[in-house]
Amino acid sequence: MKRKKSDNLYNLDGYVPVGQAIPFGFQHLLAMFVANITPVMILADTVGLDEGTTAGLVRNAMVIAGLATVVQVLRLWRIGARLPMIMGISFTFLTLSISIAATFGMDVLIGSVVAGGTVEGVLGLFAKYWRKYVSPLTAATVVVSIGFSLLPVGANSFAGGQGTADFGSADNWITGSVALAVCVVTQVFGNERLRSLSILSGLVVGYVLAAVMGKIDYSVIHNVPSVVALPELMPFHPEFRLGPILSMTAIFLVSATETIGDTSALAETALGRNLTSDELSGSIACDGFASSLSGLFGCTPITTFSQNVGLITITKVINRFVISTCAIMLMVAGLFPVVGAALTTIPQSVLGGCSILMFGSVLYAGITMLCKCGFNRKNMLIISISLSVGIGFTSVAGMFGIFPPVVRSVFADNGVAIVFLLSLILDNIMPERE
């Protein structure tokens, strides 16, 4: 029997009509769009960049995310996993980036991004030599910690975004709850195609409701300065200093652990198999070298987006062409400012309502991976200690006050880094016997 083209949505390869690929790609775009540009906007506002420079960096961030996604999905030489993963500007580096830029200036920050990204990229190319030390249990524990770390992000967005005037308001509760409810209802009662578009359904219904309630601000669209804007290469001139480079490289190692977790979760849940050495190597190399390229365009490092891994886990749409469609949309959004401006009108509460389901699915993926590893005494100790210390210690303000700044910059606000380090060490030094 001849296979339907629509079945290719659930295969890595195969032709998917453009008319079908666009809505699925657009769903991924909406899931990551705000998270992709927010780190750049926060950094620019904190260090006092002017509006024109900020707008240019936001456009660059979208173009770079699109280019990096294409490389990750299709592979360039040994760079890229050839897996359906979306790339975007990472929040992991935000605190350190602000510190370096405020102390040394943007030129030094960009120099440290370029250098640190190159280090991660090279490490990725040689992952086969050190991958044996990162067991499936370590990867699973990291995925669980990523899931837990994302839950407050979704809740903050659900409430309207920290610092907004209407944070936690009834309007945000209503629009966020409706968006979440639509996602759940379509997952439970929809057919296969509608379930695959459940997040987009929640976003559309939530957006329409927010518009009816008068919560959409369209002024940003009216104030777009031009129709087309090309990305600007090297808006800052990289300056290399050892201290900032070492600090940034340490965070790149943390980011690599998150990439290992995201890629492992995708392979386990969407593909039903373990991650291969080539896929792991390519994904980390893409993270690193794409981050160096991001720095040349004035942006902070780039990484795989967990929310999009969660979206794939829910929808099972893994076709590379669909994800490439999202990448093309990202680049178009960067070249045509009005497109990006229109997408920024989506209320945080609506995005948060849909994120609750996506972020929860990342946690579920980690638990599933843990189950496959088994629950013997050794695994119980590793999981218990790693998650308790990683999540518990980073939730207490001032816990790392006695440590030097470089240690605090890596661990104080990043439970994933602690979970990875502890699980890696314990798994390799504890005996296998019961």
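What this report covers is the structure whose coordinates are included nearby. (Residues numbered from 1 in each chain as written. Predicted model: local features only at pLDDT ≥ 70, side-chain atom pairs only at ≥ 80, totals over all residues. Heavy atoms only, no water.)

Description of the layout of surface pockets
Any empty space left between the atoms is revealed when a probe the size of a water molecule rolls over them. Empty space within the second largest pocket amounts to approximately 340 Å³. If you go around the second largest pocket, you meet 18 residues; those closest to its centre are Leu-253, Val-254, Ala-256, Thr-257 and Phe-420. Tallying contributions element by element places helix 10 (residues 242-271) first for the lining of the second largest pocket, with 6 residues. Taken together, the residues of the lining of the second largest pocket sort by class into 16 nonpolar, 1 polar and 1 charged. (1 Å grid on protein atoms, 1.4 Å probe; cavity = no way out; pocket = protein on both sides within 12 Å on 5 of 7 lines; lining within 4 Å. Points joined across faces, edges and corners; volume = space filled by probe spheres on them. Helix = DSSP H or I, 4+ residues; strand = E, 2+ residues; numbered from the N terminus. Nonpolar A, V, L, I, M, F, W, Y, C, P; charged D, E, K, R; others polar.)

Points about the packing of aromatic side chains
Scanning all chains against the criterion turns up 4 aromatic pairs. Relative to Phe-252, the ring of Phe-93 has its centre 4.7 Å away and its plane inclined at 55°; by these criteria the two rings are tilted. Within this pair, whereas Phe-93 is found in the loop between strand 1 (87-89) and helix 3 (94-104), its partner Phe-252 is found in helix 10, the two being separated by 159 residues in sequence. Here Phe-93 matches Phe-252 in class, with each residue buried. Judged by centre distance (5.3 Å) and plane angle (80°), the rings of Phe-158 and Trp-173 are edge-to-face. (Phe/Tyr/Trp six-rings, centres within 6.5 Å; stacked < 30°, edge-to-face > 60°. Buried < 20%, exposed > 50% of the residue type's maximum accessible area, 1.4 Å probe, protein only.)

Considerations on the nonpolar core
Membership of the largest hydrophobic core comes to 114 residues, with the highest contact counts inside it found for Leu-29, Phe-33, Leu-109 and Met-248. Tallying contributions element by element places helix 1 (residues 18-47) first for this core, with 12 residues. Beyond its immediate stretch of four places on either side in the chain, Phe-33 contacts Met-62, Ala-333, Gly-340, Leu-343 and Thr-344. (Core = buried A, V, L, I, M, F, W, Y, C linked by side-chain atoms within 4.5 Å. Contact = heavy atoms within 4.5 Å.)

As for a nonpolar patch on the surface
Residues Val-227, Val-228, Leu-230, Ile-328, Val-332, Phe-336, Val-338 and Val-339 make up a contiguous nonpolar surface patch of about 670 Å² in total accessible area. Of all elements in the fold, only helix 13 (320-335) and helix 14 (337-343) reach the threshold of two or more residues within the nonpolar patch. (Patch = residues over 30% accessible without salt bridge, like charges linked within 9 Å, V, L, I, M, F, W, Y side chains within 5 Å. Areas by Shrake-Rupley, 256 points an atom, 1.4 Å probe, with all protein chains shown as cover. Salt bridge = Lys/Arg side-chain N within 4 Å of Asp/Glu carboxyl O.)

Examining empty space enclosed by the protein
Counted under the stated rule, the structure contains 1 cavity of 30 Å³ or more. Roughly 30 Å³ of volume is contained in the largest cavity. Around the largest cavity, the lining residues are Val-40, Leu-43, Leu-57, Met-106, Gly-298, Cys-299 and Thr-300. Considered class by class, the residues forming the lining of the largest cavity number 5 nonpolar, 2 polar and no charged.

Concerning the environment of Lys-132
Considering the arrangement of structural elements, one finds Lys-132 in the loop between helix 4 (106-125) and helix 5 (136-158). When the C-alpha atoms of Lys-132 and Pro-301 are compared, they prove to be 26 Å apart, with 169 residues separating the residues in sequence.

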